[in-house]
Amino acid sequence: MSLEIVVPVLMGAALLWYIGRGIDGRQKLIAAAITLVIVLLIVAAERSGWISAP
């Protein structure tokens, strides 16, 4: 999996989820933090060699 594909797709899905749910400010911050953690885990996994970049 390539980060150039995974990160924009994940962030786009998170944005659509924010818009669709109509969540308040605190919940947006929590969702953004969770999304950021997931992205960082993907980056860490790719750099460690668990996920091979093409």
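Everything below is about the structure printed above this text.
Analysis parameters
- Residues numbered from 1 in each chain as written.
- Predicted model: local features only at pLDDT ≥ 70, side-chain atom pairs only at ≥ 80, totals over all residues.
- Heavy atoms only, no water.
- Helix = DSSP H or I, 4+ residues; strand = E, 2+ residues; numbered from the N terminus.
- Expected span 1.5 Å × (residues − 1).
- Buried < 20%, exposed > 50% of the residue type's maximum accessible area, 1.4 Å probe, protein only.
- Contact = heavy atoms within 4.5 Å.
- Axes fitted to C-alpha atoms, helices over the stretch in contact; angles between N-to-C directions.
- Parallel < 35°, antiparallel > 145°, perpendicular 65-115°, else oblique.
- Nonpolar A, V, L, I, M, F, W, Y, C, P; charged D, E, K, R; others polar.
- Patch = residues over 30% accessible without salt bridge, like charges linked within 9 Å, V, L, I, M, F, W, Y side chains within 5 Å.
- Areas by Shrake-Rupley, 256 points an atom, 1.4 Å probe, with all protein chains shown as cover.
- Salt bridge = Lys/Arg side-chain N within 4 Å of Asp/Glu carboxyl O.
- Arc of directions from axis to C-beta.

*Asks:* I'd like a rundown of helix α2 (residues 25-48), residues and numbers included.
*Replies:* The α-helix advances 3.6 residues per turn, and as a result positions three or four apart in sequence lie on the same side. A rise of 1.5 Å per residue sets the reference length of α2, with its 24 residues, at 34 Å; its end C-alpha atoms lie 34 Å apart and thus fit the reference within 8%. Within α2 the residues assigned to the buried category are Ala 31, Thr 35, Val 39, Ala 45 and Glu 46. On its buried face, α2 sits against α1 (3-21).

*Asks:* Describe the packing of α1 against α2, with residues and values.
*Replies:* At a minimum axis separation of 11 Å, α1 and α2 run at an interaxial angle of 170°. One finds that α1 runs roughly antiparallel with respect to α2. Judged by residue contacts, Leu 3, Val 6, Val 7, Leu 10, Met 11, Ala 14, Trp 17 and Tyr 18 of α1 engage Lys 28, Ala 31, Ala 32, Thr 35, Ile 38, Val 39, Ile 42, Val 43 and Glu 46 from α2. Residues belonging to the contact of α1 with α2 are distributed by class as follows: 14 nonpolar, one polar and two charged.

*Asks:* Requested: an account of a nonpolar patch on the surface, with residues and values cited.
*Replies:* A cluster of nonpolar side chains, Ile 30, Ile 34 and Ile 38, forms an exposed patch at the surface whose accessible area comes to about 260 Å². Summarising the element assignment, Ile 30 is placed in helix α2. Owing to a relative accessible area of 45%, Ile 30 belongs among the partly exposed residues under this scheme.

*Asks:* Now, about α1: what can you tell me, with residues and values included?
*Replies:* When the terminal C-alpha atoms of α1 are compared, their 26 Å separation across 19 residues agrees well with the 27 Å that a helix rising 1.5 Å per residue should span. Restricting attention to buried positions, one finds in α1 the residues Val 6, Ala 14 and Tyr 18. Along the long axis of α1, the arc covered by the buried residues comes to 100°, so they all point the same way. When the buried face of α1 is taken as reference, the exposed residues oriented beyond 90 degrees from it are Glu 4, Ile 5, Val 9, Leu 16, Ile 19 and Gly 20. Following α1 by one or two positions, Gly 22 has its phi on the positive side, about 60°.

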